[in-house]
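Breakdown of the fold
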Amino acid sequence: MNYVVVDFEWNQRMFGKTPADNRIPFEIIEIGAVLLDEDLNEIDRFSQTCKPKIYKKLHYKTKEITGISQKELSGSDTFPYVVVDFLLWCGDDPVFCTWGNGDLVELQRNLKYYHLDDLLEGPITYYNVQKMFRLQFDPEHKAESLEAATDFFRLPKKEPFHRAVNDAAYTAEILRQLDPKLCERQYSVDYYQNPKTKEEEIHLVYDDYYKYISREFSSREELMADREVRSVRCFKCGRTARKKLNWFVGKGKSCYCLCECREHGNIRGKIRIKTTDAGNRMFAIKTIRLIDEEGADKIREMKQEVIEKRWERRHRGSAAREQ
Ligand SMILES: [Zn+2]
């Protein structure tokens, strides 16, 4: 099994110039990657720029940050050619590693734009090195950027940041600093290509939480009425948890509930409702987490706030009608 630590640079619309194409807000202009063996030794590097087709003029910010020139891009192949080369270079069933969770989404969006989406089957299981670094070394999120994490380990900084292959190499170096035993259980799943059927639904059990990604539904109501979506089982013992507060719409339109496992105590359920990339259907991301009494109080308070707000709104409404 090989790891592909990959990074992309992208260009975007210049304000007031080309109209933005919602299907592809960020156009990939450079692919850089480092191929690693099972022991994280470097086997090979991939580095190519792509000639932009949608946002042809390089955004001044992109130019400033990456140092890529318009001339360099105009002499390059376009994305469809470069990405096919890249995916062939990756070999069979590569395990992708990225800094952050954005790169694979943009890769799939760019592929879809050119009708090449069948080249990369999803949902993609990958390693988000930024997240793993955070979990293992930086719980307070002090070193958000790749450069800050590089400094954290006092790694040499020979090449400039924000060129794709350099960023991939720095990410690989950080990956080598992490605890491999912990990494094994800290993988992520990218659900840009979200599950379509019950069989494709994703159930992930981590040390301290459980995550479920549902199939698609046509409305919020249909989604929230689904048995599997609403169910809360303790992910430590598998028992159905007793509901103390049923699902309610809380902060940021997410749904919350409070449950209890006889053996493991308080459990928080949270459902985020995501719209599919096509924009017409929705799916649920449910997380189940063990919480302490303080955490349980927070949920109770949130529910109380929601009730009070609703009451206020109704009251104001009726007051307005009376005038
Ligand atoms: Zn339990």
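Per chain, the residues get numbers from 1 upward, laid out in the order the sequence is written. At least 70 in pLDDT is required for a residue's local features to be given in this predicted model, at least 80 for side-chain atom pairs to be given and counted, and no such filter applies to totals for whole chains, interfaces and linings, which use all residues.

1. Description of the environment of D207
- Tracing the backbone shows D207 in the loop between β8 (202–205) and β9 (209–217).
- A residue is called partly exposed when the number of other C-beta atoms within 10 Å of its own lies between 12 and 20, exposed at 12 or fewer, and buried at 20 or more, with C-beta atoms placed from the backbone. In this structure D207 comes out as exposed when scored by C-beta crowding, with 10 C-beta atoms within 10 Å.
- Each C-alpha atom, one on D207 and one on K236, is 8.7 Å from the other, the two residues being 29 residues apart in sequence. A run of DSSP states H or I qualifies as a helix once it reaches four residues; a run of E qualifies as a strand once it reaches two. Both are numbered from the N-terminal end.

2. Brief notes about the environment of S254
- The residue S254 is located in the loop between β10 (242–249) and β11 (255–261) in this model.
- The class for S254 is partly exposed, based on 13 C-beta atoms found within 10 Å.
- Residue pairs qualify as contacts under a 7 Å threshold applied to their C-beta atoms, which are placed from the backbone. If sequence neighbours within four positions are ignored, S254 has contacts with K270, I271 and R272.

3. So, the nonpolar core
- Counting residues in hydrophobic clusters, the biggest one holds 40 residues, and the most contacted among them are V5, A33, C97 and A168.
- When residues of this core are assigned to their parent elements, the largest contribution, eight residues, is made by helix α7 (residues 164–177).
- Defined on buried residues, the nonpolar core groups Ala, Val, Leu, Ile, Met, Phe, Trp, Tyr and Cys residues joined through C-beta atoms within 7 Å. In terms of nonpolar packing, the next biggest core, distinct from the first, is built from 20 residues, Y210, V229, I267 and A284 among them.

4. Observations regarding the sheet that holds strand β12 (residues 265–275)
- With antiparallel pairing, the six strands of this open sheet are ordered in space as β8-β9-β13-β12-β11-β10. Sheet topology places β8 and β10 at the edges, where each strand pairs with a single neighbour. Going across the sheet, the axis of each strand differs from the next one's by a mean of 15 degrees, ignoring polarity.
- By this definition, two strands are paired if DSSP reports at least two bridges between them. Relative to β12, β11 runs antiparallel, the two sharing seven bridges. Inter-axis angles, ranging from 0 to 180 degrees, are taken between N-to-C directions of lines fitted to C-alpha atoms, where helices are fitted over the stretch in contact.

5. Quick word on the sheet that holds strand β1 (residues 3–11)
- Ordered by their spatial adjacency, seven strands build an open sheet running β4-β3-β2-β1-β5-β6-β7, and the pairing between neighbours is mixed. In this open sheet, the two strands that pair with only one neighbour each are β4 (77–78) and β7 (188–190).
- Across two bridges, strand β3 (residues 42–51) lies against β4 in parallel orientation. Looking across to β4, one finds that K51 is bridged to T78.
- Lying over the sheet, helix α5 (residues 129–137) contacts β5 (95–98), β6 (124–128) and β7, oriented at roughly 50 degrees with respect to β6.

6. Let's talk about unusual backbone geometry
- With an omega of -5 degrees, the peptide bond running from G122 to P123 counts as cis.
- The phi dihedral of H141 falls on the positive side, at around 60 degrees, and the residue is not glycine.
- Along the polypeptide, H141 turns up in the loop between α5 and α6 (146–152).
- What makes H141 exposed here is the crowd of 8 C-beta atoms within 10 Å.
- With a phi angle near 70 degrees, H162 is a residue other than glycine that sits in the positive phi range.
- Among the structural elements, H162 can be located in the loop between α6 and α7.

7. Re the pairing of strand β2 (residues 27–36)
- Of all ten residues making up β2, ten are buried, and the element is well covered by its neighbours.
- Pairing analysis gives nine bridges linking β1 to β2, with the strands arranged antiparallel. Bridge pairing in β2 links Y3 to L36.
- As judged from the seven bridges shared by β2 and β3, these two strands associate in the antiparallel manner. Bridge pairing in β3 links A33 to F46.
- Counting the residues between successive antiparallel strands, the hairpin from β2 to β3 contains five residues, one of them, L40, with a positive phi of roughly 70 degrees.

8. Quick look at helix α3 (residues 79–90)
- By definition here, a helix of n residues has an expected span of 1.5 Å times n minus one. A rise of 1.5 Å per residue sets the reference length of α3, with its twelve residues, at 16 Å; its end C-alpha atoms lie 16 Å apart and thus fit the reference within 8%.
- Among all positions in α3, only F79, V82, V83 and F86 are buried. Considered in projection along α3, the buried side chains sweep an arc of 95 degrees and stay on one side of the axis.
- Its buried side turned inward, α3 meets β2, β3, β4 and α4 (103–113).
- Just beyond α3, the residue with positive phi is G91, at close to 80 degrees. The arc under discussion is defined with respect to the helix axis, by the directions toward the C-beta atoms.

9. Some details on the domain arrangement of the chain
- Domain parsing of the chain yields domain 1 (3–183) and domain 2 (195–309).
- On a C-alpha basis, the centres of domain 1 and domain 2 stand 32 Å from each other. Throughout, the edges of the domains are those of an automatic or database domain assignment.

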